[in-house]
Structure formats: structure tokens, C-alpha cells
Amino acid sequence: MIEICSKLHTLFNNLKRFEFPFNEDDIPKNGIYILFESGEKAHQCDRIVRVGTHTGKNQLSSRLKQHYINENKDRSIFRKNTGRAILNRENDSFLKQWNWDLTTRKAKNELGNLVDWTKQKEIEKQVSAYIQKNLTFAVFEVIEKDKRLNLESKMISTLSWCGLCSPSENWLGLHSPKAKIRESGLWLVNELYKEPLDETEFKEVASICVMSS
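The structure presented is a predicted model; accordingly, all values stated were derived computationally and were not measured. (Residues numbered from 1 in each chain as written. Predicted model: local features only at pLDDT ≥ 70, side-chain atom pairs only at ≥ 80, totals over all residues. Heavy atoms only, no water.)

A. Main features of the pairing of strand S1 (residues 31-42). Among the twelve residues in S1, nine count as buried, and that is most of the element. Note that S1 and strand S3 (residues 135-141) share seven bridges and pair antiparallel. For Ile34, the partnering residue across the bridge sits in S3 and is Ala138. Here six bridges tie S1 to strand S2 (residues 45-52), and the two strands are oriented antiparallel to one another. Paired with Phe36 across the strands is Ile48, a residue of S2. Between the antiparallel neighbours S1 and S2 lie two residues, among them His43 with a positive phi of about 55°. (Buried < 20%, exposed > 50% of the residue type's maximum accessible area, 1.4 Å probe, protein only. Helix = DSSP H or I, 4+ residues; strand = E, 2+ residues; numbered from the N terminus. Pairing = 2+ DSSP bridges.)

In C-alpha cells, the structure reads:
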């Protein structure tokens, strides 16, 4: 896995890099995104800290905005996990409320009056500031949903199986209450340690990236 992981890092580090603020017109409507984080290195490259995609049609840029811009942690598990790490690092008791999922009407009715909304907005702004300042990304186009999801899963597994992709000692994710994030060095808890990319699949990804560039 180390060899393919190294090739993935080289491949994605050579793609066009986006930072905040980004132009939606430069992003394909359907595809996979790769996140990099300031201070994180692996394979003599910027270390990949998250791979993600979208399920809805033509929603790649919308998904990225949910991470970077829209201050709603219940619509972005990446935002939620970033906030968890920030709160856990500070030993902040608001972490309990931050973990609540308020997406359903039932949850809002049951928990809404218990939430410190001022504090929640404050943490949302901290999360936005951290992501906008520290996270950059690359993208490549994959139009078919099933193919996107399959490649996403296999790339995540490839990264998680690699023994050389270790986080720096200052990586925010080390403060995550989620053991899978701390142990994998990735802002992910799903698709870890499953079936990785093989050489043929890597070549397919590389070919897609060439066509997307």
C-alpha cells in the first residue's frame, strides 16, 4: 500500500490546488475532492487528510461549500469533526451539545431550547476560520455516482493502510474524541481499512486526472 499511497500523493499534489475563496466555475459539477492541511507532510508531499465526494447529481461545489462556508455542522461531518477536535482540545463542555444532531424537526423540538446558540455560532465561526485558513484541496471529475463512491472508498482505505502517512505532532485531529481519526491521521471514520486501490485502479485514477486537468 505504501507504493500506491505514495503515487496517489504525487498525483494529487500535482493537480491544480484550490484555496478559500474558490471560484465554483473552476470546479467540475461531479467528482472527488482531496483535502490537504497546513503543516502536514507525507511521501515528500503535502499529506492528504481527507478524501470525499457527493451523492447528489452536480453537487461537488455545493459539498465543498458545506465544508468551507455554510456554518451548519450537521450538514458537514468534516465541520462537525473539526469542531469536536477544537472543543476537546480546550476541554470545553460544549462538546456534548456540539455532538447533538439537530437536522430533524423532532430533534429541534426536543433539544433546540437546550442549545446555547450563541456558543454554537461562535464555534461554527472558529471551524470556518480554521478550515478556510488551513485546508486546500484538489478535485477531479468523475461523473458516475457509483464510480465516485467506489474510488472514494478505495482511496480512503489505501491512505489508512499506509504506514508512512503519519500526522504531525501538531495536527488538530490528534485532539479528536474519535479514535479512528486520531489513529488513521485522516478526518474520516468511514471506509477506513477496507479494500484499497490496486495498481490497475490507480492507473485509472491517474488517467482520469490527466483528462480532468
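Having seen the structure, we can now continue with the description.
B. Inspection of the packing of aromatic side chains at higher detail. A complete count under the given rule lists nine aromatic pairs for this structure. Pairing Tyr68 with Phe137 gives two aromatic rings, centres 5.6 Å apart and planes at 55°, and the pair type is tilted. Pair noted here: Tyr68 is in helix H2 (residues 60-68) and Phe137 is in strand S3, with a separation of 69 residues, a long-range link. In this structure, Tyr68 and Phe137 share a single accessibility class: buried. Here the aromatic residues Phe18, Phe20, Phe22, Tyr68 and Phe137 are joined through ring pairs into a cluster of three or more. One Lys or Arg, Arg17, reaches over the ring of Phe36 and ends 3.9 Å from the middle of that ring. Across the ring face of Trp98, the terminal group of Lys73 is positioned such that the distance to the ring centre comes to 5.7 Å. (Phe/Tyr/Trp six-rings, centres within 6.5 Å; stacked < 30°, edge-to-face > 60°. Lys NZ or Arg CZ within 6 Å of the ring centre and 35° of its normal.)

C. Representation of a nonpolar patch on the surface. A contiguous nonpolar patch, built from Met1, Trp161 and Tyr193 and spanning about 300 Å² of accessible area, is present on the exposed surface. Note on Trp161: relative accessible area 44%, which makes it partly exposed. (Patch = residues over 30% accessible without salt bridge, like charges linked within 9 Å, V, L, I, M, F, W, Y side chains within 5 Å. Areas by Shrake-Rupley, 256 points an atom, 1.4 Å probe, with all protein chains shown as cover. Salt bridge = Lys/Arg side-chain N within 4 Å of Asp/Glu carboxyl O.)

D. Geometry of the layout of surface pockets. Quantified by volume, the largest pocket comes out at close to 390 Å³. Lining the largest pocket are 22 residues, and of these Arg50, Thr53, Arg63, Ile77 and Glu152 sit closest to its centre. Those elements giving two or more residues to the lining of the largest pocket turn out to be S2, H2, helix H3 (77-89) and helix H7 (145-161). There is about 220 Å³ of room inside the second largest pocket. If you go around the second largest pocket, you meet 13 residues; those closest to its centre are Glu71, Asn72, Trp117, Gln120 and Glu124. In terms of residues, the lining of the second largest pocket owes the most to one element, helix H6 (residues 117-134), which gives five residues. Of the residues contributing to the lining of the second largest pocket, the split by class is two nonpolar, three polar and eight charged. (1 Å grid on protein atoms, 1.4 Å probe; cavity = no way out; pocket = protein on both sides within 12 Å on 5 of 7 lines; lining within 4 Å. Points joined across faces, edges and corners; volume = space filled by probe spheres on them. Nonpolar A, V, L, I, M, F, W, Y, C, P; charged D, E, K, R; others polar.)

E. Up close: the nonpolar core. Ranked by internal contacts, the top residues of the largest apolar core, which has 30 residues, are Phe12, Phe140, Met155 and Val205. Secondary structure elements with two or more residues in this core: helix H1 (2-13), S1, S2, S3, H7 and helix H9 (199-212). Sequence-distant contacts of Val205, that is, excluding residues within four places in its chain, are made with Leu11, Phe12, Phe140, Leu151 and Met155. If you look at the next biggest cluster of nonpolar residues, it comprises 26 residues, including Phe22, Ile27, Phe78 and Trp171. (Core = buried A, V, L, I, M, F, W, Y, C linked by side-chain atoms within 4.5 Å. Contact = heavy atoms within 4.5 Å.)

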